[in-house]
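Coordinate analysis (summary)
Given next are the chains, with one letter for each unit.
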Amino acid sequence: MSISAAMVKELRERTGSGMMECKKALTETGGDIEAAVELMRKQGLAKADKKAGRTAAEGTLVVAAGDKAVALVEVNCETDFVAKGDEFQGFAAAVAASALTASPADLDALLAAPLADGKSVDEIRREKVAKIGENIAVRRFVRYETAGGVLASYLHGTRIGVLVELAGGDEELAKDVAMHIAASRPLCVSPEQVPAEVVEKEREIALANAVNEGKSPEIAAKMVEGRVRKFLNENTLLGQVFIKDPEGKQTVAALLKGRAASVVAFTRYELGEGIEKKQENFADEVMAQVRGS
């Protein structure tokens, strides 16, 4: 049968796919639009699986907040160009909202959570991959819920996100602490929470430096403890100097004590951290895309 422009237009609007792909699907299904949608969805899933191995280190961090809960989600794609697009940003925001309301136990549960039109987060993700043409991954999320504490979030653009929960204090203080965490990158709340292997490695480094400086064993031992103590203060939240203190003297511990508050927990995400980006020749990459690989 003849495939009309109106049929192609309707299929494009429903699937977000290209004109030639829509025309081909309609031809293969004899002009049956519903069958064409199903066919293209199946083809889209296949395309998504094919792209799944490609590195996705760009993307966005999104926060969704309710009265007693807040969620932070990282969704990745391959390029900054796609990351800034409305299609990708809308999907990421919807995933964050699902993480907040569905209260999933883990990432698999989030991917299986309903998102739109009876489809799961992962089904919609696959459809976005087919439509946008890049690998998209819901990488991780964290959700805080509290009965009586204070929750706050902070986003530095779309590349750094922080959640924090306080016992005591207020929303303004919690927001300030979240901003501090975003800027200062503490490893954990207090020195006691730093893994023993991290402390031991710093002690080894400090001892080697002291020996190289020609210090006696007695002096070296004192220097090591002093440098380890300095490392712990600089890399744990309570020991760090609060970034908004104009004199640069007040620690976060002192700030919290003065407001009768304490930090229950915090999470800091940085977009793409830990993902090894594949280095390619740009010209080769363009040619690979042109060839459809």
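Just so it is clear, the model here is predicted, and its values are computed rather than measured.

**What to know about the sheet that holds strand S7 (residues 160–167)**
Pairing is antiparallel in the open sheet, where 3 strands are placed in the order S6-S7-S8. The outermost strands of the open sheet, each flanked by one partner alone, are strand S6 (150–156) and strand S8 (262–270). When strand polarity is set aside, the average angle formed by the axes of neighbouring strands in this sheet is 10 degrees. By the bridge criterion, 8 bridges tie S7 to S8 in an arrangement that is antiparallel. Residue Leu163 lies in a different strand from S8, and its bridge partner there is Thr267.

**So, the nonpolar core**
One finds Val73, Phe91 and Val138 to be the most contacted residues of the largest nonpolar core, which totals 25 residues. Those elements that provide at least two residues to this core are strand S1 (58–65), strand S2 (69–77), helix H4 (80–83), helix H5 (86–102), helix H6 (107–112), helix H7 (121–132) and strand S5 (137–145). Of the residues forming this core, the biggest block, 7 residues, is contributed by H5. If you look at the next biggest cluster of nonpolar residues, it comprises 22 residues, including Ala152, Val162, Val177 and Val252.

**Structural notes on the packing of helix H9 (residues 196–212) against helix H10 (residues 217–235)**
Running from N to C, H9 and H10 cross one another at 135 degrees; their axes reach a closest spacing of 9 Å. In terms of their interaxial angle, H9 and H10 are classed as oblique. Here H9 runs over H10; the crossing is right-handed. Within the contact between the two elements, H9 uses Val198, Val199, Glu202, Arg203, Ala206, Leu207, Asn209 and Ala210 and H10 uses Ala220, Met223, Val224, Glu225, Arg227, Val228, Phe231 and Leu232. Looking at side-chain class alone, the contact of H9 with H10 contains 11 nonpolar, 1 polar and 4 charged residues.

**So, the sheet that holds S1**
Pairing between the strands of a sheet is mediated by backbone hydrogen bonds and can be parallel or antiparallel. With respect to topology, 3 strands assemble into an open sheet ordered S1-S2-S5, the strand pairing being antiparallel. Every interior strand has two partners, whereas the edge strands, S1 and S5, have only one. Each strand axis lies, on average, 10 degrees off the axis of its neighbour in the sheet, ignoring direction. Along the sheet, H5 makes contact with S1, S2 and S5, crossing S2 at roughly 145 degrees.

Conventions adopted
Residues numbered from 1 in each chain as written. Predicted model: local features only at pLDDT ≥ 70, side-chain atom pairs only at ≥ 80, totals over all residues. Heavy atoms only, no water. Pairing = 2+ DSSP bridges. Helix = DSSP H or I, 4+ residues; strand = E, 2+ residues; numbered from the N terminus. Axes fitted to C-alpha atoms, helices over the stretch in contact; angles between N-to-C directions. Core = buried A, V, L, I, M, F, W, Y, C linked by side-chain atoms within 4.5 Å. Buried < 20%, exposed > 50% of the residue type's maximum accessible area, 1.4 Å probe, protein only. Parallel < 35°, antiparallel > 145°, perpendicular 65-115°, else oblique. Left-handed = near helix turned anticlockwise from the far one by under 90°. Contact = heavy atoms within 4.5 Å. Nonpolar A, V, L, I, M, F, W, Y, C, P; charged D, E, K, R; others polar.

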